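# Architecture and fold: a report
For reference, the chains in residue letters:
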Amino acid sequence: MIDDWRSMNLANWEARVPLHTAPDGYDLAAFDDPEYLSAVVRYDLPRLGRLDGSDVVHLQCHIGTDTVSLARLGARSVTGLDFSPAALDAGRALSRRADADVRFVESDVAGAVRALGAACCDVVYTGIGALCWLPDIRQWAAVVADLLRPGGRLFMREGHPVLWAMCDPRPDGLLVLEYPYFETAGTVFVDHESYAGSGAITAPESVNFNHGLGEIFTALTAAGLTVIALEEHR
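What follows is about the overall build of the protein chain. When its secondary structure is counted, the protein chain shows eight helices and seven strands. Split into buried and exposed, the 234 residues of the protein chain put 46% on the buried side. The long-range share in the protein chain, meaning contacts at least 24 apart out of those at least 6 apart in sequence, stands at 71%. With the model as given, the accessible surface of the protein chain reaches about 11,800 Å², and the carbon-plus-sulfur share is 53%.

This is the structure in structure tokens:
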């Protein structure tokens, strides 16, 4: 595994927070409308459904836009977990602004059970661009299984691992698999701009870990979960 992958990724995500909370970053003002949901959760809603009476854990919650949105679906409790202190501070500020009852906890995914307790929730939620930051997909699946109560469920929407393996658009228009599809020791990327907001990322290096579909779903079933739906989007 690449040395210092965690410290590199933490510095990268800490540096993204001021870009994502800037006026041209995430639309935080939209949460002043008590009916507003993030675009991610709105898209997920037909498959996710209402969360009335459920205790929900959102892994890798970043600044909490999706976490606050989950709280607006009737959940009994919502906890966002992330390893970035700056992101969690932004999430707490957003939850106060949105008048949402959300708890934010600082931890790596690997330490989630220690931080939150075993069998603590009915739903684990994880969103786009989360798994690629985790070096061991079997460890992630085991954490999810340990967090869930009997009968609980994982809801995941992710970028397709084939997409993560593709290079940036090429002048000749070819689709090329340039990066690993299966889990490896990690790939270093240098991105000076983030996907939201403007300005340079002051810590541009990061380490990504791809995981093939087979690796992901084998890990989940090995951890004792039952796959009830798998949908690939166009």
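Each regular strand carries side chains that alternate between the two faces of the sheet. Looking at chain direction, strand β4 (residues 121-126) and strand β5 (residues 148-156) are connected through five bridges and run parallel. Its bridge partner being in β5, V124 is matched across the sheet by L154. Each parallel crossover has a hand, and the one from β4 via helix α6 (residues 137-147) to β5 is right-handed.

On the surface, a nonpolar cluster with roughly 280 Å² of combined accessible area is contributed by I128, L163 and W164. Relative to the helices and strands, W164 is located in helix α7 (residues 161-165).

This part is about the packing of aromatic side chains. What characterises a pair of aromatic rings is the spacing of the ring centres plus the angle enclosed by the ring planes. With the rule as written, the count across this model stands at seven aromatic pairs. Seen in terms of ring centroids, W5 and F209 are 5.5 Å apart; in terms of plane orientation they differ by 85°. Their pairing is edge-to-face. Of the two residues, W5 is situated in helix α1 (residues 5-20) and F209 in the loop between β7 (205-208) and α8 (213-222); the sequence distance between them amounts to 204 residues. The ring of W13 has R16 lying over it, and the distance from NZ or CZ to the ring centre is 4.4 Å.

Conventions and cut-offs
- Position numbers for residues start from 1 in each chain and track the written sequence from start to end.
- Selection of residues for local features in this predicted model requires a pLDDT of at least 70, selection of side-chain atom pairs for listing and counting requires 80 or more, and totals for whole chains, interfaces and linings are taken over all residues.
- By convention in this description, side-chain values take in all heavy atoms of the structure and omit both hydrogens and water.
- Helix and strand definitions here come from DSSP, where helices need a minimum of 4 consecutive H or I residues and strands a minimum of 2 consecutive E residues; each element is numbered from the N-terminal end.
- Remark: exposure states derive from per-residue accessible area (1.4 Å probe, protein chains only) relative to the maximum for the residue type, with buried under 20%, exposed over 50%, and partly exposed in between.
- In this description, contact between two residues means that some pair of their heavy atoms is separated by no more than 4.5 Å.
- All accessible areas in this document rest on Shrake-Rupley with a 1.4 Å probe, and a residue is counted as covered only by the protein chains that are shown.
- Should DSSP find at least two bridges between two strands, the strands are taken to pair.
- Orient the strands so they point away from the viewer; a crossover is then right-handed if the path from the first strand over the helix to the second runs clockwise.
- The patches reported here contain residues having more than 30% relative accessible area and no salt bridge. Joining distances are 9 Å for like charges and 5 Å for nonpolar side chains (Val, Leu, Ile, Met, Phe, Trp, Tyr).
- Salt bridge, as applied in this entry: a Lys or Arg side-chain nitrogen positioned within 4 Å of an Asp or Glu carboxyl oxygen.
- Between 30 and 60 degrees the pair is tilted, below 30 it is stacked and above 60 it is edge-to-face, where a pair is any two Phe, Tyr or Trp rings, Trp via its six-membered ring, whose centres lie within 6.5 Å.
- Think of it as a cone above the ring: NZ of Lys or CZ of Arg counts as a charge over the ring if it is within 6 Å of the ring centre and within 35 degrees of the ring normal.

Note that all results are geometric; they support no functional claim without further evidence.
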